[in-house]
Structures are given as structure tokens and as C-alpha cells.
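# Remarks on the overall topology
Below, each chain spelled out in residue letters.
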Amino acid sequence: MTRLLAIESSCDETSVAIVEDGRRIHANVVASQVALHARTGGIVPEVAARAHLRWMIPVLDEACRVAGVDDLRALDGIAVTQGPGLAGSLLVGISMARTLAWETGLPLVPVNHLEGHVYAAWLLDPDEAERPEPVFPLVALVVSGGHTFLVEMTDHLTYRLLGQTVDDAAGEAFDKVGRLLGLPYPGGPSIMAAAAEAVAHDRRFPRAWMGDTGDLSFSGLKTAVRRAVSRELGRDPEHDEPDGSQLPRTVVAEMAWAFQESVVDVLATRTIRAATDRGARCIVMGGGVAANRVLRDRIADGAATLGVPLIVPRPGLCTDNGAMIGAAGHRRFLAGARADESLEARPSWKLAQPAA
Ligand code: KG4
Ligand code: ZN
């Protein structure tokens, strides 16, 4: 049995977890900066880094308290997000991890944040019954605020890129469209809530199928929403930066619904097609947008038709958290990944390259 301390600070959540064998969560404490960034409608990197500094030690203390760990030397290693993410934010988690590793003599295990989103599918809550692990070959959809891609895994830690966004990430599109519609930050949960209020369902925004390349694109969709908002407000759709907070609530709900449908349709169709093409025995999904109920249901329907299990973490494990770093960190730990005190952030670290 191995237990890892896991530290995540790549974006706007400060989180520390203690995870056993990459599956069982003993503690997973998350301090969210959502309220802080709501004022600016988005993340200001300096503000995020300072908030990580402010919260890192209280979050670490709370994780140890929840897991009943008085001495970190009782653990087996320290996993930390090395990238991708905001440089200043990553640095806070890495500095903490380096310091703790030096102090305790525990091995330091660098983890790719996106690998964490994939491995969240392996996690079990403290009181959750044992359930089978995802089986290979599998197809994984990662949909977060900064990244959107599909990969095939034929084994642990082995990724073949099947497709990725050529412009905005899905979460970024949710956030930008949320702002366009005058909804509170972050856009993802706001749009999901507004869409559920829609009474009429006859608006339709375009889907970018990108031929057979496997690529995804969401920036055209965002432009289509912006024009529709301008038109609705009687403004010039070509040149205007419309203020969606002027729209009637019913129209906002209809547009939120139509936007979400377009994103969900493309992501679900692409994921199911990839699983079919690759002969996947399992589909997993992670990243903040995987918290979206409509997307989860749509992919679950497709997976059921295909006769393949879908494994999606509960919403709190889809958005950024330390436990997912503990899950991926465990696999890296077993594979011998180690870093020393010179560990530095890798803000643009990619998980998978396109197949040659
Ligand atoms: O994975 P994550 O917490 O952070 C990154 O690594 O980027 O993802 C954050 C993104 C945000 O864009 C947020 O709007 C989106 O996930 N999100 C959602 C939902 N909850 C969070 N998007 C759609 N529906 C949701 N329910
Ligand atoms: Zn993330």
C-alpha cells in the first residue's frame, strides 16, 4: 500500500489530497478562487498566485487533519502538478512540494495536470464501495477550461492523441459565452443552469465537424452566439460587442440551451465515434466541463448503445482537485518518476503528441 500527498495549484483552485494506491481518497481539500475571480469575470494570474500563497498551508493542514496524518513521513511520496498551467500558480505548489520533500526525505513525483484529469476516473471516495478500474484500450475525453482533446490509452501512462481543439477549449467557450450572455463567472455552471430554464428549444447554433480530421473547434460557435445576441438587441451583428445582460431572461435561457446543445452534440458524437473506431472497451471523461450533466447524459447514452462502460468522476472530481494528482501520481510513482529540488514548472507541458 502506498499513500501519496498530492498538491495541485495550476489554475484557480488550491488543493491538497492524500490518496492511497491511486484510488482511495483519504482527504481532498479544495480552496476555490471562484468568488475572487468573479469580480474581474476571469482569472488574473497575479491574483491567482497570491491566493495560492495565502491558502496553501491552511489547505495542507486541513488535508492532514481530515486524513488523520500527524507526520508526513508516514506517507510514501509527494506528487505535485508540474504543468500545464499558470507559471506563478504552479510555482506555489511546486515550492511547497519541494520544501516538504526536502524536510521529510520523501520522493517527489512530478505530475501532468491533464493526466490527473484522466486518472480522476480511477478515484474512490472514502466510503465508496470497491468498483472495477477502467480497462484498456480506452478512449478518454478531457474537457477543461484550458484544454480539450480525445486520447486513446492502450495501457497506463500511454496516450495517442485522436483529436484536439484548434482554437478555444470547451470550458473557455462556456466561459466566454457566459460573459456574452451576461451570466455570472464561471460560464459553465451558469450556462447549464440557464439552459435548464429554457422553454422553447428551437434555436440552433452551428456545429464545427472539421471533416474527418478528428479536430475540434469552438470559436465559430462563440462568434455565432455573439451575432445572435447583437441581432436580438437590434445592434450591428458585424461590429458590435453586445451586452447580453440587456436580454430578456427567456432569450438568455434559449441561447444558453442552444449553445450547450451544440457543444454537447459535437463532443458526444466525436467521443462515441472515436470509441467505435478504436474498439475501446471503456470510455472515461474528465475536466471541468465533464461536470456538465447534459454532456454526461449524452455520452452515457452513446456508450450504452455501444455496450461500453462510461466512467465519469463525480462533478467535484471533474473540476481541478488534488486527488486526481494523487491518482496519476501513483502511476508515475510506480513507474519510477522522481524529481529533485531543482523541479521547475512546465506551463505548456503537453500530455500527448499527434500520432506521426
Ligand atoms: O478542469 P477545470 O476545473 O480547470 C482547468 O483545468 O481548466 O475546468 C474549468 C472549466 C471552466 O471553463 C468552467 O466553466 C467549466 O470547466 N465547467 C463547466 C461546468 N462546470 C465547470 N462547463 C460546463 N458545465 C459545467 N457544469
Ligand atoms: Zn484542470
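Refer to the structure printed above.
Residues numbered from 1 in each chain as written. Chains lettered and ligands numbered in written order. Predicted model: local features only at pLDDT ≥ 70, side-chain atom pairs only at ≥ 80, totals over all residues. Heavy atoms only, no water.

## Concerning the packing of helix α7 (residues 219-232) against helix α8 (residues 249-278)
Where α7 contacts α8, the axes come no closer than 11 Å and their chain directions differ by 165°. As judged from the angle between their axes, α7 and α8 are roughly antiparallel. Both α7 and α8 take part in a crossing whose hand is right-handed. Together, Leu221, Val225, Ala228, Val229 and Glu232 of α7 and Val251, Met255, Phe259, Ser262 and Val263 of α8 make up the contact between the two elements. (Axes fitted to C-alpha atoms, helices over the stretch in contact; angles between N-to-C directions. Helix = DSSP H or I, 4+ residues; strand = E, 2+ residues; numbered from the N terminus. Parallel < 35°, antiparallel > 145°, perpendicular 65-115°, else oblique. Left-handed = near helix turned anticlockwise from the far one by under 90°. Contact = heavy atoms within 4.5 Å.)

## A look at the nonpolar core
In terms of nonpolar packing, the biggest core is built from 48 residues, with Leu181, Phe205, Phe259 and Leu267 touching the most fellow members. Of all the secondary-structure elements, those providing two or more residues to this core are β6 (138-143), α5 (170-180), α6 (187-196), α7, α8, β9 (282-286) and α9 (293-306). Per-element accounting of this core gives the leading share, 14 residues, to α8. Ignoring sequence-local partners within four residues, the contact set of Phe205 consists of Leu221, Ala224, Val225, Ala228, Met255, Ala258, Phe259 and Ser262. Ile25, Leu138, Met324 and Ile325 belong to the second largest nonpolar core, which has 36 residues in total. (Core = buried A, V, L, I, M, F, W, Y, C linked by side-chain atoms within 4.5 Å. Buried < 20%, exposed > 50% of the residue type's maximum accessible area, 1.4 Å probe, protein only.)

## Some words on the pairing of β9
Across the 5 residues that make up β9, a large majority, 5, are buried. Here β6 pairs with β9 via 5 bridges, running parallel. From the neighbouring strand, Val142 faces β9, where its bridge partner is Gly286. Pairing analysis gives 2 bridges linking β9 to strand β10 (residues 310-311), with the strands arranged parallel. Note that in β10 the partner of Val284 across the bridge is Ile311. Crossover connection from β9 via α9 to parallel β10: handedness right-handed. (Pairing = 2+ DSSP bridges. Right-handed = clockwise from strand over helix to strand, strands pointing away.)

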